[in-house]
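Structure assessment
In case you want the letters, here they are:
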Amino acid sequence: MELHISAQNSNEDKTCVRNKLIAFNMAHFPKELSNRYEEVNLFLKNADGETLGGIVGDICWNWLEVHYLILDEQVRGLGYGSKLLQEIEKIARQKDCNFIKLDTLSFQALDFYLKYGYEVYGSIENAGGHTHYYLKKELKK
């Protein structure tokens, strides 16, 4: 059998690799968690329907992971980040998640997340000259 490594970018290949990992993982998680994958996205929009920010994440097994949280400069400091975070936490609780995890860089929103009860469980120094923080908030204790 002759194999080769390809760097060609293909959505089909990406989906194939992702699905293989999901299938492998499914064999190791309890059956009651096996169908627990759902994208969860919240968007902040103005009256014209323009997106001014939001949260992009997903529920996977027993947690919710926030991949992105961003607000346009003009709406920062007006409380919308707090509202988005509180709403995603509400959804996570309703969906019976045990915790939320996310990451941020030292120039981004570490203090914001700490203020809302997130705890740093890891960090990487010199991530582009900054610190990369990994945070978690327990929803069930």
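Before any of the text, the structure's been laid out above.
The rules behind the values
Residue indices follow the written sequence of each chain, beginning from 1 at its first position. In view of the model being predicted, local features appear only for residues whose pLDDT reaches at least 70, and side-chain atom pairs are presented and counted only at 80 or more, with totals across whole chains, interfaces and linings using the full set of residues. Values shown for side chains rest on all heavy atoms present in the structure; no hydrogens or waters enter the calculation. Only DSSP runs of H or I reaching four residues or more are called helices, and only runs of E reaching two or more are called strands; each is numbered from the N terminus. Residues count as neighbours in contact if any of their non-hydrogen atoms are within 4.5 Å of one another. Here, strands pair whenever DSSP counts at least two bridges between them. Working convention: axes come from line fits to C-alpha atoms, limited for helices to the stretch in contact. Angles between N-to-C directions cover 0 to 180 degrees. As used here, the term nonpolar core means buried Ala, Val, Leu, Ile, Met, Phe, Trp, Tyr and Cys residues forming a set that is joined through side-chain atoms within 4.5 Å. The cut-offs for exposure are 20% and 50% of the maximum accessible area for each residue type, with area from a 1.4 Å probe on protein chains only; residues under the lower value are buried, those over the upper are exposed, and the others partly exposed.

Considering the arrangement of structural elements, one finds Ser-34 in the loop between α1 (11-26) and β1 (37-45). If we skip the residues at most four places from it in the chain, Ser-34 touches Met-26 and Trp-61.

Here we take up the sheet that holds β1. Strand order in the open sheet formed by 6 strands is β1-β2-β3-β4-β6-β5, and the pairing between neighbours is mixed. Two strands in the sheet have a free side with no partner beyond their single neighbour: β1 and β5 (119-127). For this sheet the average axis-to-axis angle between neighbouring strands, irrespective of direction, equals 20 degrees. Both strand β4 (residues 99-105) and strand β6 (residues 130-138) contribute to a ladder of 7 bridges, which runs antiparallel.

One finds Leu-64, Ile-88, Ile-100, Tyr-118 and Leu-135 to be the most contacted residues of the largest nonpolar core, which totals 25 residues. Of all the secondary-structure elements, those providing two or more residues to this core are β1, β2 (51-60), β3 (63-71), α2 (80-94), β4, α3 (110-115) and β6. Here the element with the most residues in this core is α2; it accounts for 5 residues. If we ignore the near neighbours within four places in the chain, the residues touching Ile-100 are Leu-64, Val-66, Ile-88, Glu-89, Ala-92, Tyr-118, Leu-135, Lys-136, Lys-137 and Leu-139. With 5 residues, the next largest nonpolar core counts Leu-33, Cys-60, Trp-61 and Trp-63 among its residues.

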